[in-house]
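# Understanding the architecture of this molecule
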Amino acid sequence: MRWTRAGAGCLAAAAIAVSLYGLTLAPTVGAGDSGELIFAAQTLGIPHPPGYPVWVLLARVATLAPLGPVALRVNALSAVLAALGVGLFYLLAARTGLSRGPRAAATALFAGSTMVWQSAVQAEVYSLATAAFVALALAALHARMRRTASARADAVYFFLAVLSVIVHQTLLFPAAALGAWVLARE
């Protein structure tokens, strides 16, 4: 597999996803924790535990953009983060050896899934958590596929594992399981 083709597919998948998410983006405060998260981003406050510090900092940067209402800016961040996850999913599918057709179909199913779409159109931490998980899986697969242990590939994986757990605490268990899988290679 050529990484230039996979990279182009990754960018195309992310661009299509962000365009589609943008069409259904919530223009104001959405359901659930959306209002609390937007307020925390605008004030650099702390939302409900565990506080989601990485998301709040990214959302704070989004609030500084001089385009539209604050809620729309933070909702747009969710669309961009979800699209990043979609692009990384395309790379993950490419890395597993899927040909272009099945890879595109799997990516479309992932991008259109209820969980991904709902977190992409309103202020929500799950779009960042999804992107972090897919990046983690991609890094684990890369480290695992090396014929011999690589300190650099392992370091990238474990850095992403720590970062992903900071992004969302539910990523602790997949990070630990993938870490064990990386270290168990022969």
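These remarks concern the structure in this document. What you see as residue numbers is a count from 1 along each chain, following the sequence as written. pLDDT decides what is reported in this predicted model: residues at 70 or higher carry local features, side-chain atom pairs at 80 or more are listed and counted, and totals for whole chains, interfaces and linings draw on all residues regardless. The basis for the side-chain values is all heavy atoms of the structure; hydrogens and waters are excluded.

## Some thoughts on the packing of helix α2 (residues 34-43) against helix α4 (residues 70-95)
Every axis in this analysis is a line fitted to C-alpha atoms, fitted for helices over the stretch in contact. Angles between the N-to-C directions lie between 0 and 180 degrees. We count a stretch as a helix when DSSP gives it H or I for four or more residues in a row; a strand needs E for two or more, and each element gets its number in order from the N terminus. Where α2 contacts α4, the two axes come as close as 10 Å, and the packing angle between them is 100°. Judged on the interaxial angle alone, α4 and α2 are roughly perpendicular. Between α2 and α4, the contacting residues are Ser 34, Ile 38, Ala 41 and Gln 42 on the first element and Val 70, Ala 71, Val 74 and Asn 75 on the second. The residue inventory of the contact of α2 with α4, partitioned by class, reads five nonpolar, three polar and no charged. When an angle is under 35 degrees it counts as roughly parallel; over 145 it counts as roughly antiparallel; between 65 and 115 it counts as roughly perpendicular; any other value is oblique. Working rule for contacts: check all heavy atoms of both residues, and any pair within 4.5 Å makes them a contact. Side-chain classes are defined by residue name, with Ala, Val, Leu, Ile, Met, Phe, Trp, Tyr, Cys and Pro counting as nonpolar, Asp, Glu, Lys and Arg as charged, and the others, Gly among them, as polar.

## Digging into the packing of aromatic side chains
Aromatic rings from Phe, Tyr and Trp, with only the six-membered ring used for Trp, were paired whenever their centres fell within 6.5 Å, and each pair was classed as stacked if the ring planes differed by under 30 degrees, edge-to-face if by over 60, and tilted otherwise. What the rule picks out here adds up to three aromatic pairs. Ring centres 4.9 Å apart and planes at 90° place the aromatic pair Tyr 21 and Trp 117 in the edge-to-face group. Of this pair, Tyr 21 sits in helix α1 (residues 3-23) while Trp 117 is found in helix α6 (residues 114-120), placing the two residues 96 residues apart along the sequence. Arranged with centres 4.4 Å apart and planes meeting at 5°, the rings of Phe 89 and Phe 110 form a pair that is stacked. One end of the pair, Phe 89, is in helix α4; the other, Phe 110, is in helix α5 (residues 100-112), with 21 residues separating them in the sequence.

## Structural notes on the nonpolar core
Put simply, a nonpolar core is a bunch of buried Ala, Val, Leu, Ile, Met, Phe, Trp, Tyr and Cys residues held in one set by side-chain atoms that sit within 4.5 Å of each other. Buried means the residue's accessible area, taken with a 1.4 Å probe over protein chains only, is under 20% of the maximum for its type, while exposed means over 50%, and partly exposed covers the values in between. By size, the foremost hydrophobic cluster in this structure holds 36 residues, and its most contacted members are Tyr 21, Val 86 and Tyr 157. Looking at this core, the elements that each hand over two or more residues are α1, α4, α5, α6, α7 (126-145), α8 (151-167) and α9 (172-183). Top contributing element to this core by residue count: α4, with ten residues. With sequence-adjacent residues up to four places away left out, Tyr 157 is seen in contact with Leu 136, Ala 139, Ala 140, Pro 174, Ala 175, Leu 178, Gly 179 and Val 182. Counting 20 residues, the second largest nonpolar core, distinct from the first, contains Leu 37, Trp 55, Ala 62 and Leu 171.

## Thoughts on the environment of Ala 6
Looking at where Ala 6 falls in the secondary structure, it is placed in helix α1. Once the C-alpha coordinates of Ala 6 and Leu 58 are considered, the two residues, 52 residues apart in sequence, prove to be 27 Å apart.

## Remarks on a nonpolar patch on the surface
A cluster of nonpolar side chains, Phe 159, Val 162, Leu 163 and Ile 166, forms an exposed patch at the surface whose accessible area comes to about 380 Å². With respect to the helices, strands and loops of the structure, Ile 166 is situated in helix α8. Like charges are joined within 9 Å and nonpolar side chains (Val, Leu, Ile, Met, Phe, Trp, Tyr) within 5 Å, but only among residues with over 30% relative accessible area and no salt bridge; these make up the patches. Here the open area of atoms and residues is found with the Shrake-Rupley method and a 1.4 Å probe, where only the protein chains shown may cover a residue. By salt bridge we mean one thing: a side-chain nitrogen of Lys or Arg within 4 Å of a carboxyl oxygen of Asp or Glu.

Shape is all these values report; function is a separate question.
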